[in-house]
Amino acid sequence: MMSESDGYNTEEEKRRNLTKKRKLNYDHKYNTLWENEYTWICSSTKGPHFFKCKGCRSDYKGGIASVKKHESTSKHEKSMSCSKLPSVRDLASTKNHLVAKKKIEIAEIKIASFIAEHNISINSVDHLVKMLLSLKLNEDSSKITCNRTKSTAIINNVIGLTDFDNIINEMKTNKFSLMVDESTDISSIKHIALVVRMNIDWNIKDKFLNLMPLSDATSKNMYFVIKNFFIEHQIPYQTNMIGFASDGANSMMGLNNSLKTLLQKDIPKLFVMKCVCHSLALCANYACTKLPVEVETLIRDIYNFMHQSYKRQTEFQEFQIFYDLKPNKLLQPSQTRWLSVNAAVKRVIEQFTALKAYFTLQNFENDKLATHACKNIYKCLNNPIFKLYFEFLEYILPVITDLNAEFQSEKPKVYLLYSRMAETYKFILSCYIRDNILKSIDISELQYRNPVNFKPNEEIYFGPKVAAALSNNVLNAIDKLFFQTKCLEFYIELAKQIFTRFPFNSNEMKILKGMSFLDPKNVGNVESLGPIAQYFNNLIPDVNSLDREWRLFKSRELAAPYSKGQDINNFWKTNLSVTKGDDELLFPMLNEFFSYLFVLPHSSACVERVFSCISLNKTKTRNRLSTKTLSGLLHSKQLITSYGNNCFDYDITDDMLKKLNNSMYT
């Protein structure tokens, strides 16, 4: 039993013990009302007696006094020194962030597209972006970063690479023809340009493939560069490449060790076509050398006398107004393309009256001061034989220039090549060969240089204007005979050049002649495709099935008759897409064979257009553009054209957006 001494000894001790019990610490619970004054706190997950500091990201125990005490600590002041944390409601969602990011990426790609399409210096994009940012159109536009380094990367490795990848993938699964040419740019870098022609669902297009530098422009080096390109990109060129075209340079088309012969070793059945446009230009060039050299000199002297002096041009305009002529400027004939002389000749004929009066005045007013060129021009313009030469060229040169322009087209023209060349050749022969001989002998066997077959001088036709002038005796007998002889030599040389470059009795021309069935007008005139199919047994191995389908096609009514001006691709696509009851093609062999033939090239003018585009970009002021950037610009322009009309309304694909990342800089 506990004694009294074991308990509280005194009253004072009892009082002290009771006081201690009353002074026990009280833990304050967190109150959400504190957040109205102290926005940086929130409730804690540790319990109701704790609060959490958003800035320090730590939990603390205590009431409002502890909150005030924590606010004055250095740790808290440091964490809150930047800026107040935004509310959760103010934070952008992930979806909105991705949408905004996509808009910025599309804007950057379109800025680079604008630079590529309009041949603008890439350096100018620095100011273009800053100008757009200064407009402050919206909040997202301020995030655009697309200066010259990024623009170059987008052009090369986003837009251009997308177009390049698309073409490579198409070449792996489709037949194609290759057009090649080489040229030296303004910085003395020699390039070889590759263009391919493919038929994708009867949409036949010439597409720029690649631009590669050449250290050595020999045929072997070009062959290895092209072959290694195909191997590197895993293109089965030995089975998919069916046609090849280039200009007539010896390294390209020579009989021995040329690019053509090296490719034919890999592809024995390769269809080869020397560029028609280059050949026609050379035909005109050689023919014009038979005329007196003073004719070309006069055209150049007139242009050179005028174009460097604004005073002379202004004085000449007064003569044009007086004679009621259009104030057209005189044109310069090209040094390398004699076909450009046609336009210059037409302009001289058009302004001949004003020119004659102007140089007459110049010669008499400045008799002592007149230059040698001025006196020579005055003398020639007053000699009627020069005007006759101009009128003769005005009549005959359009025969070649119009044919040249027709075969510069990207549309399929290979099936028209033989008929157009034969018509042109026969037209030239009709001007100086006797009619009875021309009608009785085939043009492939006619002796165009035998004088026995020539018409008498009086019957040789030089054009309507020349015929009228000669009937009025504008020339004396000696000058008339000289003029007729020179123009006859022009005809003979032109016929010779055409026959040499397009021999109508060769296998190549026979193949082209056999393709006449591709012309809808000749469908009823071709009984069998056997003769032409023998040259393309690598494309269609079963000739019997092909011929059966052709004869069945001829016996049926066309699904869509041909109308004048109709696109040839659409005509054959419509008529060869007829299906049977099981939805299979009725003419599968014909469909395949025709689609292959339309891929065959007729010229390499498309490659010349590539070099023209290069000269618009790589200029004297932009002579440091690399080959890769040039290729990227060409591919970008091509993609913009194929996806839409221009840089601001074509579709930006997801594939392009995926390529817009850090790896595009490497």
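See the structure above.
Residues numbered from 1 in each chain as written. Predicted model: local features only at pLDDT ≥ 70, side-chain atom pairs only at ≥ 80, totals over all residues. Heavy atoms only, no water.

### Describing the overall build of the protein
From N to C terminus, the protein includes 29 helices and eight strands. Expected size for 666 residues packed as a compact globule is a radius of gyration near 26 Å; at 41 Å, the protein overshoots this value by more than 25%. At a minimum sequence separation of 6, the contacts of the protein that also span at least 24 residues come to 66%. For the protein, the accessible surface area stands at approximately 36000 Å², while carbon and sulfur atoms represent 51% of it. Side chains of the protein give 87 positive and 70 negative charges; the mean places of these two sets differ by 5 Å. (Helix = DSSP H or I, 4+ residues; strand = E, 2+ residues; numbered from the N terminus. Rg over C-alpha atoms; globule rule 2.2 N^0.38 Å. Contact = heavy atoms within 4.5 Å. Areas by Shrake-Rupley, 256 points an atom, 1.4 Å probe, with all protein chains shown as cover. Lys, Arg positive; Asp, Glu negative; His and termini not counted. Charge placed at Lys NZ, Arg CZ, Asp CG, Glu CD.)

### Observations concerning the pairing of strand S7 (residues 241-246)
In terms of burial, S7 is largely enclosed, as six of its six residues are buried. Alignment of strand S4 (residues 176-184) against S7, held across four bridges, turns out to be parallel. If you follow Phe176 over to S7, its bridge partner there is Met241. In this sheet, strand S8 (residues 271-274) lies alongside S7 in parallel orientation, the contact comprising four bridges. Note that in S8 the partner of Ser246 across the bridge is Lys274. (Buried < 20%, exposed > 50% of the residue type's maximum accessible area, 1.4 Å probe, protein only. Pairing = 2+ DSSP bridges.)

### Brief notes about the nonpolar core
Tyr432, Phe483, Phe490, Trp572 and Phe594 are the most contacted members of the largest nonpolar core, which totals 160 residues. The element best represented in this core is helix H17 (residues 384-406), accounting for eleven residues. Those residues in contact with Phe490 that lie beyond four places of it in its chain are Ala287, Cys288, Lys290, Leu291, Phe392, Leu393, Ile396 and Leu397. Counting 32 residues, the second largest nonpolar core, distinct from the first, contains Val196, Leu214, Leu263 and Leu270. (Core = buried A, V, L, I, M, F, W, Y, C linked by side-chain atoms within 4.5 Å.)

### Focus on H17
In this model H17 runs 34 Å from its N-terminal to its C-terminal C-alpha over 23 residues, within 8% of the 33 Å that 1.5 Å per residue would give. The sharpest bend along H17 comes to roughly 35 degrees, located at Leu397, with the proline Pro398 sitting one to four residues further on. (Expected span 1.5 Å × (residues − 1). Bend = angle between axes of the 7 residues up to and from the residue.)

### Brief notes about the pattern of salt bridges
Across all of its chains, the model carries 19 salt bridges by this definition. A salt bridge links Lys618 to Asp185; the shortest N-O distance between them is 2.9 Å. Linking Lys618 in the loop between helix H27 (605-617) and helix H28 (627-643) with Asp185 in the loop between S4 and strand S5 (190-200), this pair joins segments that are 433 residues apart in sequence. A salt bridge links Glu527 to Arg551; its shortest N-O distance comes to 3.7 Å. Remark: Arg551 occurs in helix H24 (residues 543-555) and Glu527 occurs in the loop between helix H22 (507-514) and helix H23 (530-533); sequence separation between them is 24 residues. For Glu527, a relative accessible area of 46% corresponds to the partly exposed category. In this structure, a network of salt bridges that share partners links the residues Asp165, Asp655 and Lys659. (Salt bridge = Lys/Arg side-chain N within 4 Å of Asp/Glu carboxyl O.)

### Describing the environment of His307
Assignment of secondary structure puts His307 in helix H12 (residues 293-307). Accessibility expressed as a relative area gives 35% for His307, which makes it partly exposed. When the C-alpha positions of His307 and Leu330 are compared, they lie 8.0 Å apart, and in sequence the two are 23 residues distant.

### A closer look at the sheet that holds strand S3 (residues 58-61)
Adjacent strands of a sheet pair through backbone hydrogen bonds, lying either parallel or antiparallel. Across the sheet, three strands lie side by side as S1-S2-S3; this open sheet has antiparallel pairing. What marks the edges here is a single partner per strand, and that holds for strand S1 (41-43) and S3. Looking at each pair of strands side by side, their axes are set apart by 40 degrees on average, direction ignored. Here strand S2 (residues 50-53) pairs with S3 via four bridges, running antiparallel. Across the sheet, Cys53 pairs through a bridge with Ser58, a residue of S3. Together, S1, S2 and S3 form the strand contacts of helix H2 (residues 64-71), whose direction differs from that of S2 by roughly 25 degrees. (Axes fitted to C-alpha atoms, helices over the stretch in contact; angles between N-to-C directions.)

### Points about the environment of Ser72
Mapped onto the elements, Ser72 comes out in the loop between H2 and helix H3 (74-79). Assessed through its relative accessible area of 52%, Ser72 is described here as exposed. On a C-alpha basis, the gap between Ser72 and Phe316 in space is 92 Å, while along the polypeptide they are 244 residues apart. A distance of 2.8 Å separates the side chain of Ser72 from the backbone oxygen of Lys69, its partner in a polar contact. (Polar contact = N/O pair within 3.5 Å; in protein donor to acceptor, adjacent residues only side chain to side chain.)

### Focus: the packing of aromatic side chains
Counted according to the given criterion, the structure contains 44 aromatic pairs. Both rings, one in Phe305 and one in Phe359, keep their centres 5.2 Å apart while their planes meet at 55 degrees; by these two values the pair is tilted. Of this pair, Phe305 sits in helix H12 while Phe359 sits in helix H15 (residues 352-365); the two residues are 54 residues apart in sequence, bridging distant segments of the chain. Each member of the pair, Phe305 as well as Phe359, carries the same accessibility label: buried. Among the aromatic residues, ring-to-ring pairing joins Phe271, Phe517, Phe536, Trp550, Phe553, Phe571, Trp572, Phe587, Phe593 and Phe594 into one connected group. It is Lys175 that lies over the ring of Tyr596; its NZ or CZ is 5.9 Å from the centre. (Phe/Tyr/Trp six-rings, centres within 6.5 Å; stacked < 30°, edge-to-face > 60°. Lys NZ or Arg CZ within 6 Å of the ring centre and 35° of its normal.)

### Considering H22
The set of residues buried in H22 consists of Met509, Ile511 and Leu512. All buried residues of H22 fall inside an arc of 155 degrees around its axis, so they share one side. Where the residues of H22 are buried, they touch S8, helix H18 (417-430) and H23. (Arc of directions from axis to C-beta.)

### Observations concerning the packing of H17 against helix H20 (residues 464-471)
Each pair of packed helices can be summarised by the angle the axes make with each other and by the distance between the axes. Direction vectors running N to C along H17 and H20 enclose 150 degrees, while the axes themselves pass 8 Å from each other. By the angle between their axes, H17 is roughly antiparallel relative to H20. Contacts between H17 and H20 pair Leu388, Glu391, Phe392, Glu394 and Tyr395 from the former with Pro464, Lys465, Val466, Ala469 and Leu470 from the latter. Taken together, the residues of the contact of H17 with H20 break down into seven nonpolar, no polar and three charged. (Parallel < 35°, antiparallel > 145°, perpendicular 65-115°, else oblique. Nonpolar A, V, L, I, M, F, W, Y, C, P; charged D, E, K, R; others polar.)

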